[in-house]
Each structure stands twice: as C-alpha cells, then as structure tokens.
Amino acid sequence: MARSTIKDSAPTPSWFTPKRLLMIFCVINMINYVDRGAIASNGVNGSLGTCTESGICTSGSGIQGDFNLNNFQDGVLSSAFMVGLLVASPIFASLAKSYNPFRLIGVGLSVWTIAAAGCGGSFDFWSIAICRMLVGVGEASFISLAAPFIDDNAPAAQKTTWLATFYMCIPTGVALGYVYGGLVGNNLNWRYAFFGEAFLMLPFAVLGFVMKPLQLKGFAPVESKKASTSIETVSPAIEDSKVSDINGCVVARDEGIGAQASSEASKSRGAFNILNQLSRFWKDMKVLLLDKVYVVNVLGYISYNFVIGAYSYWGPKAGYNIYHMNNADLLFGGITIVCGIFGTLSGGRILDYMSATISNAFRLLSAATLLGAMFCFSAFCFRSLYGFVALFSVGEILVFATQAPVNYVCLRCVKPSLRPLSMAISTVSIHIFGDVPSAPLVGILQDHVNNWRETSLILTSVLFIAAGIWFIGIFLNSVDMSAEEGENHISTVEKTTMKPLLAENRNEMLDDSSEA
C-alpha cells in the first residue's frame with residue numbers, strides 16, 4: 001500500500017521535453033547575465049562629471065554620474081550581488097533535499113525580478129547597492145540547481161555539449177548586456193534598462209510556481225516523503241480509536257493531554273529537523289573540502305574568474321581609454337558574443353570528442369587557459385587597435401572554452417545528491433574570491449597607477465596561475481561519481497527516482513521496479 005501511494009504521488013510533467021527545459025534555463029541564464037553586462041556598460045554605468053582647466057564643466061552620466069561615485073564605489077556595485085549569493089546559495093542547495101527544486105527556483109527568480117525593478121527606482125548609492133545584493137538571492141536559487149537538471153536530462157553522449165550551451169549564455173548575456181545597456185542608457189535612461197530586465201524575467205518567475213514540478217536525480221520526491229510520514233502516523237490514530245470504544249470518558253481527557261503532547265512533540269521535531277539539516281550540511285561540506293579534485297578545480301576556477309570578472313566590468317572603460325574607442329560597449333559586446341558562443345560550444349564539443357572524463361577535462365582546462373592567457377597578454381601589448389582586436393578575440397575563444405569542462409568536473413567528482421551543494425559552493429567561491437574582489441581591486445590599482453594598459457597586463461597575468469592550478473588536476477586520482485546513488489537509496493521506489501522524470505520510458509521502469 002505504501003509503495004503504491006508513493007509511486008502515484010510522483011509528478012509526471014507532460015509538456016516539458018529535455019530540449020525545452022534546456023531552452024528555458026538558457027533564457028533565464030541569459031537574462032541574469034544581461035543584467036551583469038548592462039550595469040558595466042558605459043550607457044548604464046556612465047562616468048563622473050569633469051571640469052577643464054578653463055573652468056568648463058560637463059555633467060556626469062549614468063549611475064556613477066547621478067550618484068557621484070568614485071571608482072571603488074562603482075566597483076562595489078558590480079560585486080554587491082555576492083552578499084545575497086553567499087548567504088542564499090547554501091540555503092537553497094540544502095532546501096533542495098526537502099522541497100521541490102523548481103519551486104525554489106520560482107522563489108529565487110521572484111526575488112530577482114523585484115530587486116531588478118528596485119535598481120531602476122534607486123535614489124542613492126545604498127539603495128541600489130541593497131537591490132544589487134538581493135539580485136544575488138535570485139541567482140543563488142537558479143545557478144546551483146539548473147546544471148544538475150541539465151546533466152540529468154541531457155543525452156549521454158552530449159552532456160558536456162549541453163552544459164556548454166547553458167554556460168555559453170554567460171559571456172553572451174554579458175555581451176548583450178553591454179549592447180543593451182549602451183542603447184537604452186544613451187537613448188532613454190539607465191533606469192529603464194533595469195525595468196526592462198525585470199519585465200523579461202517575470203514570466204519565468206511565475207513559471208516556477210505554476211508548472212508541474214521536476215525532480216533531481218539522487219533525491220526522493222517531496223510528495224513521497226510526505227506520503228511516508230502520513231503512513232507512519234496511521235497506527236497511533238487507530239490505537240486512539242480503540243481506546244474510544246472502551247471508555248469515552250477517559251478518551252475525552254486523554255485527547256486534551258494528547259493535543260498538548262502533540263504540540264510539544266511537533267516543536268521538538270521542528271528543532272530536531274533544523275539541527276539535522278545543519279548537521280547534514282556540515283557533513284556534506286566536509287566531504288567537498290576533503291575532495292582534492294573538487295578543491296583543485298575550484299581554486300583554478302577562482303583564479304580564472306578573478307580575471308573574467310574584471311574584464312567584464314572594466315573592459316569597455318579600459319578599451320575606451322587605451323584605444324580611444326567611441327563605441328567601446330558595442331565593440332566589446334560584439335567580440336564577447338562571437339567568441340563566447342564559439343569558444344564555449346567548442347570547449348564542450350572537444351571534451352565530448354576526447355571522451356568526457358575528469359582527467360581529460362583538466363587537460364583541456366590547463367591547455368586552453370595557458371594559450372588564452374598568452375594571446376590576451378600579447379593583445380594588450382599592441383598599440384594598434386586592429387592588432388588588439390585580432391589577438392584578444394583568439395584569446396577570448398580559448399578562455400571561454402573552459403566553461404563546460406570546469407562545471408563538468410564540479411558535477412562529476414561528487415555523488416548526485418551533492419551536486420546542488422557542489423555547484424552552490426563553487427559559485428560562491430568563484431565570486432567571493434574571484435570577480436567580487438577583482439572589480440574594486442582593479443579600480444584601486446587603476447587609481448594608483450593611472451594607466452589602463454599596465455593595469456590590464458597585470459590582471460591578465462593571473463590567468464597563468466589558473467592554468468598552472470588546473471595542470472595539477474591532471475595528475476590527481478579522479479573518479480566519476482555520477483553513477484553513485486544519492487542518500488535516498490533505501491527503498492525500491494526511491495531508486496526509480498534516480499532516473500530523470502523527462503525520460504520517455506520512466507513509467508515502464510516504475511512498473512518493473514514495483515513488480516520486483
């Protein structure tokens with residue numbers, strides 16, 4: 001009876017196919033990073049007002065001009081989202097074990113939508129900084145759960161390519177953000193850029209609540225857990241009814257005592273569940289931190305993201321000052337779109353062609369990053385704009401080829417039930433130690449040296465460190481843990497949930513397992 005109830009309670013989405021799911025996640029990811037690019041664009045970010053020696057002054061533009069921000073404050077705005085991401089990522093990853101992940105994504109995207117609209121209505125530095133922090137909450141719910149969903153439902157021979165398609169939206173979104181922010185900021189007002197982003201994300205926030213829920217591999221459905229709990233509580237109820245037949249007076253008094261005891265027990269269970277969640281979280285964290293493959297991969301990713309984060313924020317401004325680009329937003333946006341798409345997809349396809357293994361992923365990561373660093377460093381040494389564009393384009397293609405392999409390692413070096421936490425901690429780490437400090441630190445460096453070419457060369461040198469760290473990963477003993485069962489492997493029904501719900505033969509597997 002219990003097995004039948006649990007089986008029937010598992011939701012079966014009808015409209016979603018793996019490709020539709022991938023498309024939805026890609027659009028959400030794209031909008032998220034369009035926001036990241038828009039706030040860095042010259043049209044939205046703007047510049048401070050200036051005065052010449054003759055006393056002629058020009059008013060500032062964009063966020064920096066309207067709120068009179070120095071370079072450090074301006075850099076802080078690019079990193080403020082990290083506060084929300086840092087706090088919310090482990091929470092969402094842990095809640096995925098108790099609540100349906102897609103509902104959690106709906107909650108996070110709702111917060112993101114409200115926060116983006118709040119950025120458009122901000123009135124000073126602190127108001128927009130707080131809204132940028134809340135944007136990180138939305139990203140936390142999505143970024144740690146989307147990749148495991150894609151990994152579950154992608155064809156076996158194309159998993160890295162599908163991940164590449166998803167992560168291709170990061171550079172493409174940032175690049176479109178440059179163009180979008182430049183066009184909206186220069187022709188309307190920088191505030192409308194944020195209002196437009198909120199409008200685009202709203203349908204996906206609603207979708208997270210209204211669609212039939214999906215389930216991650218390695219986790220039993222929430223409905224199954226509720227069914228199991230209700231079955232366990234049937235016996236005490238039956239015993240109480242038997243007592244009622246014997247002596248109604250006694251039961252009338254016992255029901256009051258029972259209600260009070262039940263309330264106290266409920267509070268105790270609530271406290272116990274919280275402690276159990278914390279204990280489980282620290283246990284899982286210990287597993288991740290003791291995994292040499294995971295740690296080396298994330299350390300290399302941190303160094304890599306330190307450079308990419310500063311490139312994405314200061315790139316248009318550096319290009320404008322070094323090469324006197326009048327259309328820096330459009331040029332950097334165009335280069336990043338083309339190189340981001342080609343580089344990211346190529347990285348995924350090459351790893352699938354090489355045979356997708358963790359050691360091969362490290363080989364690709366170290367080689368692509370080393371060559372990319374050499375080309376980008378050489379680009380900033382050129383005085384000619386055309387030489388810079390040619391070399392920097394090749395460098396970006398090589399650098400973006402790392403997106404799929406690095407996330408492939410994060411997903412495959414841990415067991416399925418740890419994937420959300422693995423992605424969450426990876427995301428938090430690359431931001432809190434990577435692009436979050438890089439934007440303000442590069443701002444401080446530039447304030448000190450006052451030379452964008454020198455600043456760019458120093459920044460690019462960090463890519464050589466990333467290549468060296470990933471090179472170490474080649475020699476580590478790595479095991480693909482994707483076939484390992486999650487923590488919910490006790491019952492036969494829960495084992496069947498290890499297969500993605502979008503698979504065509506899911507019902508056949510459920511019937512076979514129940515008969516066994």
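Since the model is a prediction, treat every value here as computed from it, not as a measurement.

Conventions we followed
- Residues numbered from 1 in each chain as written.
- Predicted model: local features only at pLDDT ≥ 70, side-chain atom pairs only at ≥ 80, totals over all residues.
- Heavy atoms only, no water.
- Helix = DSSP H or I, 4+ residues; strand = E, 2+ residues; numbered from the N terminus.
- Buried < 20%, exposed > 50% of the residue type's maximum accessible area, 1.4 Å probe, protein only.
- Contact = heavy atoms within 4.5 Å.
- Areas by Shrake-Rupley, 256 points an atom, 1.4 Å probe, with all protein chains shown as cover.
- Expected span 1.5 Å × (residues − 1).
- Polar contact = N/O pair within 3.5 Å; in protein donor to acceptor, adjacent residues only side chain to side chain.
- 1 Å grid on protein atoms, 1.4 Å probe; cavity = no way out; pocket = protein on both sides within 12 Å on 5 of 7 lines; lining within 4 Å.
- Points joined across faces, edges and corners; volume = space filled by probe spheres on them.
- Core = buried A, V, L, I, M, F, W, Y, C linked by side-chain atoms within 4.5 Å.
- Salt bridge = Lys/Arg side-chain N within 4 Å of Asp/Glu carboxyl O.
- Phe/Tyr/Trp six-rings, centres within 6.5 Å; stacked < 30°, edge-to-face > 60°.
- Axes fitted to C-alpha atoms, helices over the stretch in contact; angles between N-to-C directions.
- Parallel < 35°, antiparallel > 145°, perpendicular 65-115°, else oblique.
- Left-handed = near helix turned anticlockwise from the far one by under 90°.
- Nonpolar A, V, L, I, M, F, W, Y, C, P; charged D, E, K, R; others polar.
- Disulfide = S-S within 2.5 Å.
- pLDDT = per-residue confidence, 0-100.

### Overview of the overall build of the protein chain
Piece 1. Along the protein chain, the regular secondary structure elements total 23 helices and two strands.
Piece 2. When each of the 516 residues of the protein chain is scored for burial, the buried share is 53%.
Piece 3. Long-range pairs, those at least 24 residues apart, make up 82% of the contacts in the protein chain between residues at least 6 apart in sequence.
Piece 4. Counting only carbon and sulfur atoms, one obtains 64% of the accessible surface of the protein chain, whose full area is about 23000 Å².

### Considerations on helix H17 (residues 385-400)
Piece 1. The terminal C-alpha atoms of H17, which comprises 16 residues, lie 22 Å apart, in line with the 22 Å expected from a rise of 1.5 Å per residue.
Piece 2. Where H17 is concerned, the buried positions are Gly387, Phe388, Leu391, Phe392, Ser393, Gly395, Glu396, Val399 and Phe400.
Piece 3. Where H17 begins, the side chain of Ser384 points an oxygen toward the backbone nitrogen of Tyr386, at a separation of 3.3 Å.

### Concerning the environment of Leu22
Piece 1. By secondary structure assignment, the location of Leu22 is in helix H2 (residues 18-40).
Piece 2. Every residue in contact with Leu22, bar those within four places of it in the chain, is listed here: Ile150, Trp162, Thr165 and Phe166.

### Notes on unusual backbone geometry
Piece 1. Residue Ser355 is not a glycine yet carries a positive backbone phi of 85°.
Piece 2. Positionally, Ser355 belongs in the loop between helix H15 (328-354) and helix H16 (358-381).
Piece 3. By relative accessible area, Ser355 is classed as partly exposed at 39%.
Piece 4. Not every positive phi belongs to a glycine, and Asn450 is a case in point at roughly 55°.
Piece 5. For Asn450, the position within the fold is in the loop between helix H19 (419-449) and helix H20 (452-460).

### Notes on empty space enclosed by the protein
Piece 1. For the structure on display, the rule yields five cavities of 30 Å³ or more.
Piece 2. By volume, the largest cavity is sized at about 580 Å³.
Piece 3. If you go around the largest cavity, you meet 47 residues; those closest to its centre are Asn305, Ile308, Gly309, Ser312 and Asp435.
Piece 4. Ranked by residue count, the leading element in the lining of the largest cavity is helix H14 (residues 292-323), at 13 residues.

### Focus: the nonpolar core
Piece 1. Counting 113 residues, the largest nonpolar core has Phe25, Phe142, Phe166, Tyr304, Phe362 and Phe392 as the members making the most contacts within it.
Piece 2. For this core, the leading source of residues is H14, giving 17 residues.
Piece 3. Membership of the second largest hydrophobic core comes to 15 residues, among which are Ile39, Val44, Ile63 and Ala193.

### Re the pattern of salt bridges
Piece 1. Overall, the coordinates contain six salt bridges when judged by the stated rule.
Piece 2. For Arg412, the salt bridge goes to Asp151, with nearest N and O atoms at 3.3 Å. Placement of the pair is Arg412 in helix H18 (residues 403-412) and Asp151 in helix H8 (residues 125-153), with a sequence separation of 261 residues. Note on accessibility: Arg412 and Asp151 belong to one class, buried.
Piece 3. Across the pair Arg412 and Asp480 runs a salt bridge, and its minimum N-O distance is 3.2 Å. Taken together, the residues Arg412 in helix H18 and Asp480 in the loop between helix H21 (462-473) and helix H22 (492-496) connect sequence positions 68 residues apart.
Piece 4. One salt-bridge network, held together by shared partners, links Asp151, Asp152, Arg412, Arg419 and Asp480.

### Some words on the environment of Ala467
Piece 1. Relative to the elements of secondary structure, Ala467 occurs in helix H21.
Piece 2. Using a relative accessible area of 6% as the deciding quantity, one classes Ala467 as buried.
Piece 3. For the pair Ala467 and Leu371, spaced 96 residues apart in sequence, the C-alpha separation works out to 9.0 Å.
Piece 4. In this structure, Ala467 is in contact with Ser366, Thr369 and Leu370, ignoring residues within four places of it in sequence.

### A word on the packing of aromatic side chains
Piece 1. Applying the stated rule across the entire model yields 18 aromatic pairs.
Piece 2. With a centroid separation of 6.1 Å and 85° between ring planes, the pair formed by Trp190 and Phe194 is classed as edge-to-face. In this pair, Trp190 and Phe194 are both assigned in helix H10 (residues 190-210), four residues apart and thus about one turn of the helix distant.
Piece 3. Residue class for Trp190 comes out buried when judged on its relative accessible area of 3%.

### What to know about the packing of helix H6 (residues 81-95) against H8
For any two helices packed against each other, one specifies the crossing angle of their axes together with the interaxial distance.
Piece 1. Two elements in contact, H6 and H8, have axes whose closest approach is 6 Å; the angle formed by their N-to-C orientations is 30°. Viewed along their axes, H6 and H8 adopt a mutual orientation that is roughly parallel. In this structure, H6 crosses over H8, and the sense of that crossing is right-handed. Along its contact with H6, which presents Phe81, Val83, Gly84, Leu85, Ala88, Ser89 and Phe92, the element H8 presents Arg132, Met133, Gly136, Val137, Glu139, Ala140 and Ser141.
Piece 2. Looking at the contact of H6 with H8 residue by residue, the class counts come to eight nonpolar, four polar and two charged.

### Some thoughts on the state of the cysteines
Piece 1. Going through the model one piece at a time under the given rule, you end up with zero disulfides.
Piece 2. Here Cys131 is not cross-linked by a disulfide; its sulfur's nearest cysteine counterpart is in Cys119, at 4.8 Å.
Piece 3. Owing to a relative accessible area of 14%, Cys131 belongs among the buried residues under this scheme.

### Focus on the packing of helix H5 (residues 71-79) against H14
Piece 1. Running from N to C, H5 and H14 cross one another at 140°; their axes reach a closest spacing of 11 Å. Taken together, the axes of H5 and H14 lie oblique to each other. Within the contact between the two elements, H5 uses Asn71, Asp74, Gly75 and Ser78 and H14 uses Tyr313, Trp314 and Lys317.
Piece 2. Here the residues of the contact of H5 with H14 sort into two nonpolar, three polar and two charged.

### What to know about the confidence of the model for the protein chain
Piece 1. Averaged over the protein chain, the pLDDT score is 78; the fraction of residues at 70 or greater is 76%.
Piece 2. At the level of individual helices and strands, the protein chain shows its lowest average pLDDT in H22, which scores 38, and its highest in H21, which scores 95.
Piece 3. Here residues 1-14 is a poorly scored stretch, pLDDT under 50, and it has 30 contacts once near neighbours within four places are set aside; other chains count.
Piece 4. Ignoring residues within four places in sequence, the model shows residues 222-253, a span with pLDDT below 50, making 18 contacts including any to other chains.

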